[in-house]
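Notes for the structure review
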Amino acid sequence: MHRITGKAGGDSLIEMSPTDSFSDDMNGYDQRASSRTGSQGPSVSPPDVCVETCESLNTSLVCLDSSDLSDCIQYRSQPSEQISALFGIDKQQQSKDSVFFRDGVRRIDFVLSYVDDKDDERKQEKRRVYESNLVKVGLELETEDKSESEDGKTYFVKIHASWEVLATYANVLKIKVPFKVADTQDNSREIPMNWLSTPFRLPKDIMHPEPDYFTAPFNKEKSDFFLIEDKDTFFPPSTRNRIVYYILSRCSYIREECGDADKKGIKRLLNNGTYTSAFPLHDSRYWTKSKDANCESERYTLYKHWARFLCFFKEQPLDLVRKYYGEKIGIYFAWLGFYTEMLLFAAVVGTLCFIYGFLTYDNNEWSKEICSEQIGGNIVMCPLCDKKCGFWKLNTTCNSSWQSHLFDNVATVFFAIFMGIWVTLFLEFWKRRQARLEYEWDLFDFEEEQQQLQLRPEYETKCNDRKLNPITKEPEWVLDRTVTDIAGKLCLCWVTVMFWISLIIACIIGVIAYRLAVYAAFASIMKDSPTNKLEVVGPYITPQLATSVTASCINFVIIMILNLMYEKVAIWITDMEIPKTHVEYENKLTVKMFLFQFVNYYSSCFYVAFFKGKFVGYPGDYAYMFGKWSKLRNEECDPGGCLIELTTQLVIVMTGKQVWGNIQEALLPWLMNWWGSRKARKHPESLYSRWEQDHDLQGFGQLGLFDEYLEMVIQFGFITLFVASFPLAPLLALINNVIEVRVDAWKLTTQFRRPVAAKAHSIGAWQEILNGIAVFSVVTNAFIVAFTSDMIPRLVYMYAYQPDGEMNMKGYINNSLSVFNISAIPPENSPENGENPSWFNDSITTCRYRDYRYPPGHEKQYSHTMQFWHILAAKLAFIIIMEHVVFMVKYFVAWLIPDVPADVRARIKRERYLVQKNLHDYEVEKLKIQLSQQGNHECAAGSLRVDSLSALRSQSMRFDSSVSSDHNLTCEVATFV
């Protein structure tokens with residue numbers, strides 16, 4: 001074997017000789033041949049046709065290097081026709097709903113499809129060269145003619161990887177495989193009243209489809225060291241398609257003499273239309289088992305026990321998900337399930353806080369004063385906008401005041417502190433759960449073993465220099481970039497990101513301007529609106545509510561539109577950076593997307609929480625958004641506070657996003673699949689081939705899983721950053737996530753092609769983003785309680801300014817409203833004729849407004865009172881105390897809970913110990929066999945025995961030193977032996 005493509009010494013594709021692939025003891029297949037016309041690549045055949053097949057294959061490979069590739073393909077197809085005739089396989093009697101080649105032996109590991117355009121010879125040439133190069137590296141191809149496809153114009157190229165190819169690349173990718181049945185004891189104790197959880201459990205064969213093994217990286221030279229019972233099934237389909245995709249993404253589609261290293265990989269061929277799709281096959285239909293006894297029908301099992309909504313209360317079969325889809329998708333569903341479980345605790349506490357607000361409804365003294373005819377009915381409030389807004393009475397805000405009490409009460413402070421601790425517990429316990437999955441799924445050495453093997457083909461093709469790796473001390477290809485190139489690209493990328501973030505901020509400012517401009521219009525229109533006469537809903541329909549709801553809906557639409565536009569921009573600028581590994585690529589894209597989405601989704605909530613009503617001024621000296629010339633006066637909060645508006649904003653954006661997301665995720669793929677397969681559904685099952693069924697499904701795109709993470713992390717931000725304003729947010733998130741788990745499972749199992757399996761040992765950059773949100777949420781909730789809620793002003797009044805010295809809230813409303821002389825209101829701020837209500841007359845000389853300022857006639861009139869500064873100091877003190885208390889508890893809990901459970905650490909050490917021990921014993925046995933085979937040659941045996949014994953002795957010394965060097969390892973392993 002030798003390298004054939006790319007740069008010397010740095011290639012990842014290995015050429016297989018025909019004799020290797022035909023070796024019976026290496027590929028482990030029955031002596032049967034492909035019966036499909038157009039079959040390509042090495043295959044095993046009976047002795048009487050073996051010579052002909054081998055000779056035709058060799059001739060084909062020679063022909064492929066020549067210019068006349070079309071003649072070569074025709075010549076290569078002739079032996080397959082003879083083999084088909086020899087075995088007498090009738091393709092019409094054979095069901096096409098199968099995951100095997102026509103011979104029923106070789107499994108289809110990947111499928112390529114294309115529409116042959118006779119006028120585009122360049123695409124035809126690329127396909128011929130690409131497929132010939134796939135054959136050179138050992139893959140076996142079988143082409144389905146367009147006449148047999150449902151639309152009559154699509155060709156399907158089925159790909160099979162033989163044992164030789166799988167073993168070679170499993171060695172290259174260091175794929176872990178079993179070498180010993182696990183003998184660690186299950187230390188889990190019987191949980192009291194375990195029978196209560198029985199309805200939520202799945203059968204053991206579904207939860208744990210495979211026995212527990214100790215594993216080690218595969219070594220082709222020591223294949224007999226591993227537990228290989230059947231070479232056909234030793235590598236599961238997810239591993240097989242991962243290996244094949246690794247080859248497809250690195251195989252060239254131009255001739256070697258052209259020398260353009262950039263022209264390689266299936267991704268580029270898909271982008272330029274040479275192939276229309278590339279995908280591994282599902283193993284069966286999702287609603288019924290496969291009729292082929294050799295097919296696992298794991299897709300059906302997943303649908304039956306996992307992807308149906310009626311299973312929402314059941315646990316997830318994560319091991320089966322990982323086996324079928326790979327570790328990357330498995331770790332996502334593990335995280336989503338764990339997040340949903342932890343939400344249950346937050347939802348219960350949040351609901352209790354809401355119930356507390358409801359039960360203390362009658363104790364709400366300040367709302368009683370607002371609604372009272374004697375107090376609220378006699379307080380005349382200053383106009384809320386210029387010209388179009390008249391004077392109004394305080395008791396018109398009675399309903400919003402009662403609503404605000406549901407969320408703005410003493411329990412709000414408790415819940416904000418609780419959520420600061422909850423988020424820490426969630427992240428710490430997830431680290432422990434993730435560590436256990438890393439061990440169970442053989443990912444605990446992922447960083448060391450897989451990082452360099454996850455190089456992106458796009459990066460490899462750009463490499464133009466060799467440097468010494470400081471770790472391996474071996475030369476490796478690197479991308480030589482100048483400082484100017486790096487600085488230029490980074491500058492362009494981040495300037496683009498900042499431009500789009502600025503665009504979002506501009507849109508939010510536009511929405512704020514809309515709120516300011518429209519409020520006056522709503523106030524004028526709704527003054528005599530018929531809705532005011534409705535008994536039930538009339539009092540709730542106010543200009544404030546109409547403005548808040550319409551602005552929130554407009555903001556939501558803007559968010560959705562900008563999302564669609566920015567996603568493409570983020571991918572483009574990340575591609576331009578040429579990240580080295582897949583992990584690095586995803587991390588860079590994650591940071592760019594989240595920064596954008598953070599501003600996009602949360603900016604409107606930040607405005608309502610921290611800016612609205614804070615910079616208003618007072619009658620006679622109001623503050624304007626763009627200056628007085630704009631006539632856009634800054635918004636004021638209701639006397640009940642801005643918290644209820646923040647709640648409204650949060651509910652609309654959060655709920656709207658979740659509902660729209662579920663519709664987009666479930667309904668859209670279903671409609672597209674239903675429309676795309678409308679003709680094929682009329683065909684008999686036996687003629688609607690497995691590859692055509694999957695071809696008609698939606699492709700699981702580059703950002704398939706990325707979008708799922710982003711959706712959940714944005715939701716996580718809503719329930720942590722602003723949860724003090726809406727304790728029911730975790731409950732809404734819990735309900736959504738129970739549905740989300742099954743919707744994601746359903747669409748992945750029924751509406752999408754099978755994704756290429758990929759490894760991942762964690763949720764990646766999302767972990768750090770969650771940590772950042774957790775820390776930031778403590779600050780935002782402290783500020784919400786201090787500045788958005790009226791909690792602190794009420795407490796200051798009760799403890800320091802209650803006139804009777806009693807611990808109650810009587811007189812709070814009158815104390816919190818300042819007085820202004822109506823005659824001092826400038827003409828440009830005064831209501832127009834006809835805007836004032838009928839009860840307003842000239843006898844009313846003053847109006848009230850929300851603030852703590854001295855009344856007219858005072859020597860410091862209209863300047864802030866001492867109570868204002870007392871309240872401000874109390875707010876700042878509360879923020880500092882709350883932040884320090886929560887942070888101290890957070891970091892103490894994080895320190896108290898180890899990231900890796902003790903039993904997992906011990907099992908990892910035992911597995912490493914057993915790998916060393918068994919490899920040592922394996923080498924010893926090999927040396928013994930070599931010595932016994934040389935027993936008849938005394939001279940040679942003596943020499944060999946001395947060398948072998950010395951090698952054996954040195955190896956034993958190395959093994960003993962490696963074991964004895966770690967005393968902790970020996971102690972912990974002893975607990976398992």
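Residues numbered from 1 in each chain as written. Predicted model: local features only at pLDDT ≥ 70, side-chain atom pairs only at ≥ 80, totals over all residues. Heavy atoms only, no water.

1. A word on the overall build of the chain
Rule in force here: Helix and strand definitions follow DSSP, with helices as H or I runs of at least four residues and strands as E runs of at least two, each counted in order from the N terminus. For every residue, the accessible area obtained with a 1.4 Å probe (protein chains only) is divided by the maximum for its type, and the residue is called buried under 20%, exposed over 50%, and partly exposed between those limits. Note on areas: Shrake-Rupley, 1.4 Å probe, and residue coverage restricted to the protein chains presented here.
The number of helices and strands found in the chain is 32 helices and 14 strands. The burial tally for the chain puts 53% of its 977 residues in the buried class. Element-wise, carbon and sulfur atoms account for 59% of the exposed surface of the chain, whose accessible area totals about 44,800 Å².

2. Things to note about the state of the cysteines
This is how the line gets drawn: Pairs of cysteine sulfur atoms within 2.5 Å are identified as disulfides in what follows.
Taken as a whole and judged by the stated rule, the model has three disulfides. The partner cysteine of Cys371 in its disulfide is Cys398, sulfur to sulfur 1.8 Å. Judged by the torsion about the S-S bond (95 degrees), the Cys371/Cys398 disulfide is right-handed. Pair noted here: Cys371 is in helix α14 (residues 365-371) and Cys398 is in helix α15 (residues 398-407), with a separation of 27 residues, a long-range link. Residue classification places Cys371 among the partly exposed residues on the basis of a relative accessible area of 22%. With its sulfur 1.9 Å from that of its partner, Cys382 forms a disulfide with Cys847. What sets the handedness of the Cys382 and Cys847 disulfide is the S-S torsion sign, and at about 85 degrees it is right-handed. Here Cys382 is found in the loop between β7 (380-381) and β8 (392-393), whereas its partner Cys847 is found in strand β14 (residues 846-850), with 465 residues between them in sequence. Judged by its relative accessible area of 4%, Cys382 is buried. Taking relative accessible area as the criterion, Cys847 reaches 0% and is therefore assigned buried.

3. Remarks on the environment of Lys393
Residue placement: Lys393 occurs in strand β8. We classify Lys393 as partly exposed; its relative accessible area is 25%. Considering only alpha carbons, one finds Lys393 and Val380, 13 residues apart in sequence, at a separation of 4.7 Å.

4. Concerning the pairing of strand β1 (residues 110-115)
We apply this condition: A pair of strands is labelled paired if DSSP reports no fewer than 2 bridges between them.
Among the six residues that make up β1, five are buried, leaving the element largely enclosed by the rest of the structure. Relative to strand β3 (residues 154-161), β1 runs antiparallel, the two being bridged by six bridges. Across the sheet, Val115 pairs through a bridge with Thr154, a residue of β3. Relative to strand β6 (residues 277-279), β1 runs antiparallel, the two sharing three bridges. Bridge pairing links Val111 to Phe279 in β6.

5. Focus: the side chain of Thr749
Rules: The definition of a polar contact used here is a pair of N or O atoms within 3.5 Å, where within protein one atom must be able to donate a hydrogen and the other to accept one, and adjacent residues in sequence count solely through side-chain atom pairs. Every residue pair with non-hydrogen atoms within 4.5 Å of one another is taken to be in contact.
Along the chain, Thr749 falls in helix α25 (residues 729-751). When its relative accessible area of 0% is taken as the criterion, Thr749 is described as buried. Among the polar contacts listed, one links the side chain of Thr749 to the side chain of Tyr325, at a separation of 3.5 Å. Apart from the residues lying within four places of it in its own chain, the contact partners of Thr749 are His282, Tyr286, Arg299, Tyr303, Trp306, Ala307 and Tyr325.

6. Re the packing of aromatic side chains
As a reminder of what qualifies: A pair of Phe, Tyr and Trp rings is counted when the ring centres sit within 6.5 Å of each other, with Trp represented by its six-membered ring. The angle between the planes then sorts it: under 30 degrees is stacked, over 60 is edge-to-face, the rest tilted. Placement of a positive charge over a ring is assigned whenever Lys NZ or Arg CZ falls within 6 Å of the ring centre and within 35 degrees of the normal to the ring plane.
Tallied over the entire structure, the rule returns 68 aromatic pairs. The lysine or arginine in question, Lys176, covers the ring of Phe444, its NZ or CZ lying 4.0 Å from the ring centre. Positioned above the aromatic ring of Trp839, the side-chain terminus of Lys393 is 4.8 Å from the ring centre.

7. Quick look at the pattern of salt bridges
Stated formally: Here, a salt bridge means any side-chain nitrogen of Lys or Arg that lies within 4 Å of a carboxyl oxygen of Asp or Glu.
What the rule picks out here adds up to 33 salt bridges. Lys747 is the partner of Asp744 in a salt bridge, and the nearest nitrogen-oxygen pair spans 3.7 Å. Note that Asp744 and Lys747 are positioned in helix α25 at a spacing of three residues, about one turn of the helix. When its relative accessible area of 7% is taken as the criterion, Lys747 is described as buried. Across the pair Arg853 and Asp851 runs a salt bridge, and its minimum N-O distance is 2.8 Å. An identical accessibility class is assigned to Arg853 and Asp851; each is buried. One salt-bridge network, held together by shared partners, links Arg102, Glu142, Glu144, Glu148 and Lys158.

8. Concerning the UniProt feature "transmembrane region" (unreviewed entry) in the chain
The condition that has to hold: UniProt positions are given in the numbering used here, feature names are shortened, and annotations may be inferred rather than shown by experiment.
Within the UniProt annotation, "transmembrane region" (unreviewed entry) is assigned to residues 332-359, 410-430, 497-525, 545-566, 716-739, 769-788 and 876-897. Structurally, residues 410-430 is divided into 100% helix and 0% strand, and its ends, taken at the C-alpha atoms, are 31 Å apart. Taken end to end, residues 545-566 has its terminal C-alpha atoms 31 Å apart, with 100% of it in helix and 0% in strand.

9. Looking at the sheet that holds β6
Let me state the cut-off plainly: What counts as an axis is a line fitted to C-alpha atoms, over the stretch in contact for a helix, and the angles between N-to-C directions run from 0 to 180 degrees.
The strand order across the open sheet formed by four strands is β2-β3-β1-β6, and the pairing between neighbours is antiparallel. This sheet does not close on itself; its edge strands, each paired only once, are β2 (139-144) and β6. Between one strand and the next, the sheet's axes are offset by a mean angle of 20 degrees, whatever the strand orientation. In the sheet, β2 pairs with β3 via six bridges, with the strands oriented antiparallel. By the bridge assignment, Glu140 is partnered in β3 with His160. Here helix α5 (residues 121-136) sits on the sheet and contacts β1, β2 and β3; the angle it forms with β2, its principal contact strand, is near 140 degrees.

10. What to know about the environment of Pro827
With respect to the helices, strands and loops of the structure, Pro827 is situated in the loop between β13 (817-821) and β14. Here the alpha-carbon distance between Pro827 and Asp386, two residues 441 residues apart in the chain, equals 9.3 Å.

11. Regarding the environment of Lys264
Topologically, Lys264 is positioned in the loop between α9 (237-248) and α10 (266-271). The class of Lys264 is buried, set by a relative accessible area of 17%.

12. Considering the nonpolar core
Applicable threshold: Grouping buried Ala, Val, Leu, Ile, Met, Phe, Trp, Tyr and Cys residues that are joined through side-chain atoms within 4.5 Å yields what is termed a nonpolar core.
Counting residues in hydrophobic clusters, the biggest one holds 142 residues, and the most contacted among them are Trp335, Tyr339, Trp422 and Phe718. At 15 residues, helix α13 (residues 327-359) tops the list of elements feeding residues into this core. Look past the residues within four positions of Tyr339 in its chain and what remains in contact with it is Trp422, Phe426, Met712, Gln715, Phe716, Ile719 and Asn737.

13. Topic: a nonpolar patch on the surface
The condition that has to hold: Residues with no salt bridge and a relative accessible area higher than 30% make up the patches, which join like charges within 9 Å and nonpolar side chains (Val, Leu, Ile, Met, Phe, Trp, Tyr) within 5 Å.
A cluster of nonpolar side chains, Val659, Trp660, Ile663, Leu667, Trp670, Leu671, Trp674 and Trp675, forms an exposed patch at the surface whose accessible area comes to about 820 Å². Position of Trp675 among the secondary structure elements: in helix α22 (residues 643-676).

14. Description of the packing of α15 against α22
Cut-off, in case you're wondering: Angles below 35 degrees are treated as roughly parallel, those above 145 as roughly antiparallel, those between 65 and 115 as roughly perpendicular, and all remaining angles as oblique. Residue type decides the class: Asp, Glu, Lys and Arg count as charged, Ala, Val, Leu, Ile, Met, Phe, Trp, Tyr, Cys and Pro as nonpolar, and the leftover types, Gly among them, as polar.
Axis separation between α15 and α22 bottoms out at 9 Å; the angle between their running directions is 75 degrees. Here α15 is positioned roughly perpendicular relative to α22, judged by the angle of their axes. In this structure, α15 uses Gln403, Ser404 and Phe407 to contact α22, whose residues at the interface are Leu643, Ile644 and Thr647. For the contact of α15 with α22, the residue count by class is three nonpolar, three polar and no charged.

15. Some points on unusual backbone geometry
Look at Lys174: it is not a glycine, yet its phi comes out positive at around 55 degrees. With respect to the element layout, Lys174 can be found in the loop between α6 (163-172) and β4 (176-181). On the accessibility criterion, Lys174 (39% relative accessible area) is partly exposed.

16. What about the packing of helix α20 (residues 543-577) against α22?
To keep it simple, the criterion reads: The hand of a helix crossing depends on one turn: near helix anticlockwise from the far one by less than a right angle means left-handed, and clockwise means right-handed.
Remark: α20 packs on α22, axes separated minimally by 10 Å, with the N-to-C direction vectors making an angle of 40 degrees. As α20 runs across α22, the sense of the crossing is right-handed. Contact residues: Ser548, Val549, Ser552, Cys553, Asn555, Phe556, Ile559 and Met560 in α20; Glu645, Thr648, Gln649, Ile652, Val653, Gly656, Lys657 and Trp660 in α22. A class-by-class count of the residues in the contact of α20 with α22 yields eight nonpolar, six polar and two charged.

17. Let's talk about the side chain of Asp408
Within the secondary structure layout, Asp408 lies in the loop between α15 and α16 (410-440). Among the residues examined, Asp408 registers a relative accessible area of 1% and is labelled buried. Once residues lying within four places of it in the same chain are set aside, the contact partners of Asp408 are Leu643, Ser789, Asp790, Met791 and Arg794.

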